[in-house]
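# Overview (structure and organization)
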Amino acid sequence: MERLTIKEALKENYVGQKITVCGWIRTRRESKGFAFIVLSDGSSQETMQLVVSGGASAKKEIHGCNTGAAIKAIGVLRESPAKGQKYELEVSDIEVFGESDQDLYPLQKKGHTLEFLREIGHLRARTNTFGAIFRIRNILADSVHQFFRERGFAWVHTPIITSGDCEGAGELFTVTSLDFSNLPRSGDTSVDFSRDFFGRKTYLTVSGQLEAEFLAMSLGKVYTFGPTFRAENSNTTRHLSEFWMIEPEMAFADLSDDMKLAEDFIRFLCAKVLERGENELAFLEAQYKRISREEILRLAETEFVHIPYTDAIRELQNAPMTFEFPVSWGSDLQSEHEKYLTDEVMKGPVIVTDYPKELKAFYMRMNDDGKTVAAMDVLAPRIGEIIGGSQREERLSVLEERMREMRIPMESLQWYLDLRRFGSAPHAGFGLGFERLVQYITGMVNIRDVIPCPRAPGNI
Ligand code: 4AD
Ligand code: MG
């Protein structure tokens, strides 16, 4: 089918030419023998106004042109005499592909709440809001690959099904093909996973980091961009059970290289979204007033503040207000603490470094003080943590001791220890939660509004 997208039709100069567009009808109204249809096809924030005049053969198709219907329209593009749009299509032919019952179609002209739209996830992408969000999501995903490609990183594909818990937080979904009505038992009680599909217990991955490490320790600079899964019972506006993560990993790099990469990365993504998502950002800015292009531009141009955990704790203890969760050295930063640091103290993104080892995963490099590790979290205003990363422990004996201390099963991670036995070297990486980034850029309050099909506890 030869058709122009609305984006193409409005970008190139097609005035005076006969073109074909296809899309879904947003609204239709009649006036003085004319029908005016607003058509959207998802290619851009803009819609196309169709004008169907009295004599046109299209007239006989017009009865099927209800809100929500899918149509094809052929006509000549004109500069629009009316205000509201620059161009309009003077329609000669219409084909209705699929009618839509106006009374039953859930998307009505009046605005809907985001909560209502979450209940019709299969239709919400047709709205201005979700069209904007998902197009921005695409621009960001595209720019992620561009960023790493330009810097010589290889995109690697780490497994979805794994046998280990990278983060050691025990938030794993089990993968099994066992028959639940007839589970094999060892002894009387426990399930015998040696008779499961892989001959042992397996899970959905919480992170591709450990595999990315062996790829970095061979290809040099790599990154993953894939889905990760966490059975964390957090019913919040910042947690999903299935989310996408970008995890770069670099050989011959330390924590400061890691922080520099994270900062350059976020700044690059901000610049790209301003360049390619101008209309989408402008729409969200006007509609929800939670983001501004100015703020994103500032973010793209300013350096992030770095602060060691110990100093951050002091900053929080000196805060003029009291927090719900008390603060002392050794306690984890809660989102109220993160928000205070970004929104009140630094008024911008903050990188907190050198956390107490008790708060972080086994693979992080021990600092000389023996108490903290070479970790870094990037905190963004409004959202809190969007990146978690570290320099990795490359010293075999230190790593083994740490794993024993934390009761990490070493047998199944011998391959990971091998990387420290054969040609070990300093290396570092981080994980960016893709939905947290999209949430930050679009200003959406709830993370469930930046992914097409959100998975959360009790919600699929
Ligand atoms: O801090 P996390 O747990 O770090 C890791 O998984 C490391 N293995 C990354 C690495 O060094 N390669 O997760 C990284 C990021 C967080 O900063 C957050 O943005 C996001 O992943 N994240 C979530 N996003 C949505 N829903 C959840 N439940 C998330 N948990 C983590
Ligand atoms: Mg983290």
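Structure: above.
Anyway, here's the lowdown on the structure attached to this text. Worth saying up front: this structure is predicted, and the values here are computed from it rather than measured.

## Comments concerning empty space enclosed by the protein
- Counting across every chain of the model gives one cavity of 30 Å³ or more.
- Taken as a whole, the largest cavity holds about 40 Å³ of empty space.
- Counting only elements with at least two residues in the lining of the largest cavity, the list comes to α7 (293–301) and α12 (434–442).
- Residues that form the lining of the largest cavity fall into these classes: five nonpolar, no polar and two charged.

## A short note on the pattern of salt bridges
- According to the stated counting rule, one finds 29 salt bridges in the structure shown.
- Put simply, E249 and R392 hold a salt bridge, and the shortest N to O gap is 2.8 Å. Of the two residues, E249 sits in strand β11 (residues 242–251) while R392 sits in the loop between β15 (384–391) and α10 (396–405), which places them 143 residues apart along the sequence.
- Look at E249 and you get buried, because its relative accessible area is 1%.
- Residue classification places R392 among the buried positions, given a relative accessible area of 2%.

## Remarks on the sheet that holds strand β13 (residues 350–353)
- The strand order across the open sheet built from eight strands is β6-β10-β11-β16-β15-β14-β13-β12, with neighbouring strands paired in mixed fashion. Looking at which strands have only one partner, the edges of the open sheet turn out to be β6 (154–155) and β12 (305–308).
- Looking at chain direction, β15 and strand β16 (residues 427–433) are connected through five bridges and run antiparallel. Paired with Q391 across the strands is A428, a residue of β16.
- Together, β6, β10 (221–229) and β11 form the strand contacts of helix α3 (residues 128–150), whose direction differs from that of β10 by roughly 150°.
- Helix α5 (residues 255–276) rests against β11, β12, β13, β14 (375–380), β15 and β16 of the sheet, and its axis sits at about 30° to β16.

## Re the packing of α3 against α5
- It is the contact of α3 with α5, at a shortest axis distance of 9 Å, that shows an interaxial angle of 130°. As summarised for this structure, α3 and α5 are arranged oblique, according to the angle between their axes. The handedness of the crossing between α3 and α5 comes out as right-handed. Contact residues: I136, I139, L140, D142, S143, V144, Q146, F147, F148 and E150 in α3; L261, D264, F265, F268, L269, K272, V273 and R276 in α5.
- The residue inventory of the contact of α3 with α5, partitioned by class, reads eleven nonpolar, two polar and five charged.

## Points about the state of the cysteines
- In total, this model carries zero disulfides according to the counting rule given.
- Lacking any disulfide linkage, C22 is separated from the closest cysteine sulfur, that of C65, by 12 Å.

## Some details on the environment of E12
- Of note, E12 is situated in the loop between α1 (6–11) and β1 (18–31).
- Separated by 76 residues in sequence, E12 and E88 have C-alpha atoms that sit 14 Å apart.

## With respect to the site of ligand 1
- Around ligand 1, a shell composed of 24 residues is seen, among which E167, Q209, R230, E247 and E385 lie nearest.
- For ligand 1, an oxygen atom lies 2.8 Å from a polar atom in the backbone of I386.
- One of the backbone N or O atoms of I387 is found 3.5 Å from an oxygen atom in ligand 1.
- Taken by itself ligand 1 offers 630 Å² of open surface, and the protein chains cover 93% of this.
- Its atoms largely coinciding with the cavity grid, ligand 1 occupies the largest pocket.
- Looking at the shell around ligand 1, the elements that each hand over two or more residues are β11, β15 and β16.
- With five residues, the top contributor of residues to the shell around ligand 1 is β15.
- Looking at the shell around ligand 1, its residues break down into eight nonpolar, eight polar and eight charged.

## Let's talk about the packing of α5 against α7
- Taken N-terminus to C-terminus, the directions of α5 and α7 make an angle of 140°; their axes are 8 Å apart at the nearest point. Of the two elements, α5 crosses α7, and the hand of that crossing is left-handed. Two secondary-structure elements touch here, α5 through I266, R267, C270, A271, V273 and L274 and α7 through R293, I296, L297, L299, A300 and E301.
- Of the residues belonging to the contact of α5 with α7, the class tally is nine nonpolar, no polar and three charged.

Parameters and conventions
Residues numbered from 1 in each chain as written. Chains lettered and ligands numbered in written order. Predicted model: local features only at pLDDT ≥ 70, side-chain atom pairs only at ≥ 80, totals over all residues. Heavy atoms only, no water. 1 Å grid on protein atoms, 1.4 Å probe; cavity = no way out; pocket = protein on both sides within 12 Å on 5 of 7 lines; lining within 4 Å. Points joined across faces, edges and corners; volume = space filled by probe spheres on them. Helix = DSSP H or I, 4+ residues; strand = E, 2+ residues; numbered from the N terminus. Nonpolar A, V, L, I, M, F, W, Y, C, P; charged D, E, K, R; others polar. Salt bridge = Lys/Arg side-chain N within 4 Å of Asp/Glu carboxyl O. Buried < 20%, exposed > 50% of the residue type's maximum accessible area, 1.4 Å probe, protein only. Pairing = 2+ DSSP bridges. Contact = heavy atoms within 4.5 Å. Axes fitted to C-alpha atoms, helices over the stretch in contact; angles between N-to-C directions. Parallel < 35°, antiparallel > 145°, perpendicular 65-115°, else oblique. Left-handed = near helix turned anticlockwise from the far one by under 90°. Disulfide = S-S within 2.5 Å. Near = heavy atom within 4 Å. Polar contact = N/O pair within 3.5 Å; in protein donor to acceptor, adjacent residues only side chain to side chain. Areas by Shrake-Rupley, 256 points an atom, 1.4 Å probe, with all protein chains shown as cover. Sits in = over half its atoms within 2 Å of the grid points.

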